[in-house]
Amino acid sequence: MSQCHKHLALSEENINLKTLRELCFNGIPFEGGIRAQCWKILLNYLPVDQRLWESFLKKQRDVYSQFLKEMIIQPGIAKANLGLSREDVTMEDHPLNPNPDSRWNTYFKDNEILLQIDKDVRRLYPDMAFFQRPTEYPCQLILDPQNDYETLRRRVEQTTLKAQTVNRNRSGVTNVSSPGKALNLYPSNEYEGMNEIVGPIYYTFATDPNSQWKEHAEADTFFCFTNLMSENRDNFIKSLDDSQCGITYKMESVYSMLKDKDLELYLKLEEQNIKPQYFTFRWLTLLLSQEFLLPDVIRIWDTLFSDEDRFHFLILVCCAMLILIRDSLLAGDFTVNMRLLQDYPISDVHTILTKAKELQDNS
């Protein structure tokens, strides 16, 4: 999408979504914060009527501050203020209250999730400077010295200490599960992988050249991520796995499309007993964020976000990825092919997207 085209698309008070989708489908320029703006529209965050933006954004950012107060600061203040010997602490409010409905029980459960988030965040793009340095616009609410509360960092540290008490079995042998990385087909918990989806969105918003937008990258990312996950969440819900909206159905769709487009390759994978869940689970749930470098992931997402039926287009992309390495797959045995699919060899996403579009046009 050229600069002048985008200006035309974004200069109208009432943005024509169909035109914008068509332009963004072929990639969005980064200059001038165009990509960040387009993603916010394509992810159904910003309304198409630009006259509403100012008041809408103010409202959303206030809502986000409110969330932070309720979820982080208030529970943290309550915990910081709690002297356990105080007479006015009722059993109901006591942190050792075993009742599952006790607010402390929720607090400690939340700490387990925080610990997982902390691990995920540390693993996210460890070799990219952007993700390793402090943010340019830290959340003022969180840093406010007026708020004397137990910080998330402190909560994570305490939970880590608790988690380090290792189980011993009767014979006194310590049980430590081996960290061997087997074929990681399914995430070990329902939150795993969400950082891989937040990462590229936050990066795109937090590198916006326009500081007024950049300053609110965190809040805007929260809402765009929430919208995207509300479309993508069925992939993460175990009970839906086999239903038409669940992940199993989507994984099988990649194979049924391959069968239609390239029968020989389909039969080869079937014969080698290479099941779609061995590799498409990660491709589909994480929107290919693990298969390519960040700039390429972002380019793929330009197209995914601008396609109205974005998750159907993702299936086309997966199918294109298989067809593009068909010669290697037809020549390889199970081990060679699994390695190819776990560590996809083509890095030029333009080729992949062109092939996916061609498959779409021929269907």
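Residues numbered from 1 in each chain as written. Predicted model: local features only at pLDDT ≥ 70, side-chain atom pairs only at ≥ 80, totals over all residues. Heavy atoms only, no water.

- If you check an unreviewed UniProt entry, the protein appears there as TBC1 domain family member 13 from Lates calcarifer.
- The UniProt entry for the protein carries the following text under Function (unreviewed entry): "Acts as a GTPase-activating protein for RAB35. Together with RAB35 may be involved in regulation of insulin-induced glucose transporter SLC2A4/GLUT4 translocation to the plasma membrane in adipocytes." (UniProt positions renumbered as here; feature names shortened; annotations may be inferred.)

### Here we look at the overall build of the protein
Part 1: The helix and strand tally for the protein stands at 19 helices and 0 strands.
Part 2: Out of the 363 residues belonging to the protein, those deemed buried represent 45%.
Part 3: A total accessible area of about 20000 Å² is found for the protein, and carbon and sulfur atoms account for 53% of it. (Helix = DSSP H or I, 4+ residues; strand = E, 2+ residues; numbered from the N terminus. Buried < 20%, exposed > 50% of the residue type's maximum accessible area, 1.4 Å probe, protein only. Areas by Shrake-Rupley, 256 points an atom, 1.4 Å probe, with all protein chains shown as cover.)

### Brief notes about helix 18 (residues 334–342)
Note that an α-helix has 3.6 residues per turn; residues three or four places apart therefore point the same way.
Part 1: Within helix 18, burial applies to Asn337, Met338, Leu340 and Leu341. Burial along helix 18 is one-sided: seen end-on, the buried residues are contained in an arc of 160°.
Part 2: Turning to helix 18, the residues buried within the fold contact helix 14 (280–285), helix 16 (310–324) and helix 17 (326–331). (Arc of directions from axis to C-beta. Contact = heavy atoms within 4.5 Å.)

### Thoughts on the nonpolar core
Soluble globular proteins: nonpolar side chains tend toward being buried together.
Part 1: Among the nonpolar cores identified, the biggest contains 88 residues, and Leu20, Trp283, Phe292, Trp301 and Leu322 are the most heavily contacted of them.
Part 2: At 12 residues, helix 16 tops the list of elements feeding residues into this core.
Part 3: Both domain 1 (1–145 + 187–229) and domain 2 (237–362) contribute no fewer than three residues apiece to this core.
Part 4: With sequence-adjacent residues up to four places away left out, Leu20 is seen in contact with Ala9, Leu10, Ile15, Cys38, Ile41 and Leu42. (Core = buried A, V, L, I, M, F, W, Y, C linked by side-chain atoms within 4.5 Å. Domains from an automatic or database assignment.)

### Points about the packing of aromatic side chains
Part 1: Overall, the coordinates contain 20 aromatic pairs when judged by the stated rule.
Part 2: Aromatic pair Phe279 and Trp283: ring centres 5.0 Å apart, planes at 70°, arrangement edge-to-face. The pair formed by Phe279 and Trp283 is uniform in burial state, with each residue classed as buried.
Part 3: Note that Lys40 overlies the ring of Phe205, its terminal NZ or CZ placed 4.4 Å from the centroid. (Phe/Tyr/Trp six-rings, centres within 6.5 Å; stacked < 30°, edge-to-face > 60°. Lys NZ or Arg CZ within 6 Å of the ring centre and 35° of its normal.)

### Considerations on the environment of Gln60
Part 1: Mapped onto the elements, Gln60 comes out in helix 4 (residues 53–80).
Part 2: Residue class for Gln60 comes out buried when judged on its relative accessible area of 11%.
Part 3: C-alpha of Gln60 to C-alpha of Tyr45: the two residues are 15 residues apart in sequence and 9.6 Å apart in space.
Part 4: Beyond its immediate stretch of four places on either side in the chain, Gln60 contacts Tyr45 and Phe223.

### Comments concerning the packing of helix 2 (residues 17–25) against helix 15 (residues 294–306)
Part 1: Two elements in contact, helix 2 and helix 15, have axes separated by 8 Å at closest approach and are oriented at 155°. Regarding the angle of helix 2 to helix 15, the classification is roughly antiparallel. The handedness of the crossing between helix 2 and helix 15 comes out as left-handed. Residue-level inspection shows Arg21, Cys24 and Phe25 of helix 2 in contact with helix 15, the latter providing Arg299, Asp302, Thr303, Phe305 and Ser306.
Part 2: A breakdown of the residues in the contact of helix 2 with helix 15 according to their chemical character gives 3 nonpolar, 2 polar and 3 charged. (Axes fitted to C-alpha atoms, helices over the stretch in contact; angles between N-to-C directions. Parallel < 35°, antiparallel > 145°, perpendicular 65-115°, else oblique. Left-handed = near helix turned anticlockwise from the far one by under 90°. Nonpolar A, V, L, I, M, F, W, Y, C, P; charged D, E, K, R; others polar.)

### Comments concerning the pattern of salt bridges
Part 1: For the coordinates displayed, the defined rule picks out 17 salt bridges.
Part 2: One salt bridge in this structure joins Arg122 and Asp118, with 3.0 Å as the shortest N-O distance. Highlighted residues: Arg122 and Asp118, both in helix 5 (residues 103–123), separated by 4 residues, approximately one helical turn.
Part 3: According to the relative accessible area criterion, Arg122 is exposed, its value standing at 53%.
Part 4: The exposure class assigned to Asp118 is buried, which follows from its relative accessible area of 16%.
Part 5: In this structure, Lys355 engages Glu358 in a salt bridge whose closest nitrogen and oxygen atoms are separated by 3.1 Å. With Lys355 and Glu358 both in helix 19 (residues 349–361), this residue pair falls 3 residues apart, about one helical turn. (Salt bridge = Lys/Arg side-chain N within 4 Å of Asp/Glu carboxyl O.)

### Remarks on the state of the cysteines
Covalent bonding between the sulfur atoms of two cysteines is what defines a disulfide.
Part 1: Scanning all chains against the criterion turns up 0 disulfides.
Part 2: In this model Cys318 remains outside any disulfide bridge; the closest cysteine sulfur is found in Cys319, 8.5 Å from its own. (Disulfide = S-S within 2.5 Å.)

### Quick word on the packing of helix 3 (residues 34–42) against helix 15
Part 1: Direction vectors running N to C along helix 3 and helix 15 enclose 35°, while the axes themselves pass 10 Å from each other. Here the hand of the crossing between helix 3 and helix 15 comes out left-handed. Between helix 3 and helix 15, the contacting residues are Arg35, Trp39 and Leu42 on the first element and Ile298, Trp301, Asp302, Phe305 and Ser306 on the second.

### Focus: the side chain of Thr221
Part 1: You can see Thr221 is positioned in helix 11 (residues 217–232).
Part 2: Exposure remark for Thr221: the relative accessible area of 5% places this residue in the buried category.
Part 3: Polar contacts involving the side chain of Thr221 include one to the main-chain carbonyl oxygen of Ala217, which spans 2.6 Å. (Polar contact = N/O pair within 3.5 Å; in protein donor to acceptor, adjacent residues only side chain to side chain.)

### Re unusual backbone geometry
Part 1: A positive phi is found at Asn273, a non-glycine position, where the angle reads about 60°.
Part 2: Tracing the chain through its elements places Asn273 in the loop between helix 13 (263–271) and helix 14.
Part 3: The phi angle at Leu288 is positive, at roughly 65°, despite the residue not being glycine.
Part 4: Note that Leu288 resides in the loop between helix 14 and helix 15.

### Quick notes on a nonpolar patch on the surface
Part 1: Residues Phe67, Met71 and Phe222 make up a contiguous nonpolar surface patch of roughly 280 Å² in combined accessible area.
Part 2: Here Phe222 shows up in helix 11. (Patch = residues over 30% accessible without salt bridge, like charges linked within 9 Å, V, L, I, M, F, W, Y side chains within 5 Å.)

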